[in-house]
Amino acid sequence: KTAIMALEIVKPKVIEAITFSESFYVPPELSTAESLPRLSKIFGIENYILKEGYLPVNVVDHSGLRNTEASLIAPYQGLSENELKKIFQEQKREGITLNEAIFAAYNSKRLVGRFLDEGTWVRLLGTPKNGHSLCVSFYPDGEIRIYYGEANFPYIGARSSASCQS
């Protein structure tokens, strides 16, 4: 609540620099890669990878109450997948899935008026396709961009998550 109150009194340029923790709920029936077509209908987003026949695979089950970094700009930029996995393991966290990225981005839009990762990309360690993690970015209108393949650009970050339930 303190972070949200702080966001209400700062100017938009400053908001980009604020990092706070965001919690959101991922229903079990909307946490799998197979549920991505339903999520695309719920949120009104389109991308071929969200359609039957193109779906990636979630390598982790991240349903329930989750917690992720909520900086508007992707954190952990410029790190390799192996470096990210090591950092997240030390923090007892895991890379997020595409489902979590969608829920977190729309939750951010609801809370602060902006999507997470507008203008930056975030690597989804929890959702690989063809041996590479997906990378996702959002446009201000909610359109989603998804990329997979060898991606080691300095502006690609990552997000991690952990369960809020003990």
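Predicted model only: the values in this text are computed from it and were never measured.

(A) Local environment of the sheet that holds strand E7 (residues 156-158). Spatially, 4 strands are ordered E6-E5-E4-E7 in an open sheet, and the strand pairing comes out mixed. The outermost strands of the open sheet, each flanked by one partner alone, are strand E6 (144-148) and E7. The mean inter-strand angle of the sheet, taken between neighbouring strand axes irrespective of direction, is 40 degrees. Of the pairings in the sheet, the one linking strand E4 (residues 121-129) to strand E5 (residues 132-138) comprises 5 bridges and is antiparallel in character. The residue of E5 that forms the bridge with valine 122 is valine 136. Here helix H4 (residues 81-90) sits on the sheet in contact with E4, E5 and E7, set at roughly 85 degrees to E4. On the sheet, helix H5 (residues 98-112) packs against E4, E5 and E6 and is oriented at approximately 15 degrees with respect to E5.

(B) Just the pairing of strand E2 (residues 64-69), in detail. Counting buried positions along E2 gives 5 out of 6 residues, so the element sits mostly inside the fold. Summarising the sheet, E2 and strand E8 (residues 160-163) pair through 3 bridges and their orientation is antiparallel. Its bridge partner being in E8, asparagine 67 is matched across the sheet by alanine 162.

Reading the values: rules and limits
Throughout this description, residue numbers start from 1 for each chain and increase along the sequence as written. With the structure being a predicted model, the display of local features is reserved for residues of pLDDT at least 70 and the display and counting of side-chain atom pairs for 80 or more, all residues being used for whole-chain, interface and lining totals. The side-chain figures draw on all heavy atoms in the structure; neither hydrogens nor water molecules are used. One requirement defines pairing of two strands: DSSP has to find at least two bridges between them. Note on conventions: DSSP H or I runs of at least 4 residues are helices, E runs of at least 2 residues are strands, and numbering of each starts at the N terminus. Angles shown run from 0 to 180 degrees and are taken between the N-to-C directions of axes, each axis being a line fitted to C-alpha atoms and, for helices, limited to the stretch in contact. In this analysis, two residues are considered to be in contact whenever any of their non-hydrogen atoms come within 4.5 Å of each other. Buried means the residue's accessible area, taken with a 1.4 Å probe over protein chains only, is under 20% of the maximum for its type, while exposed means over 50%, and partly exposed covers the values in between.

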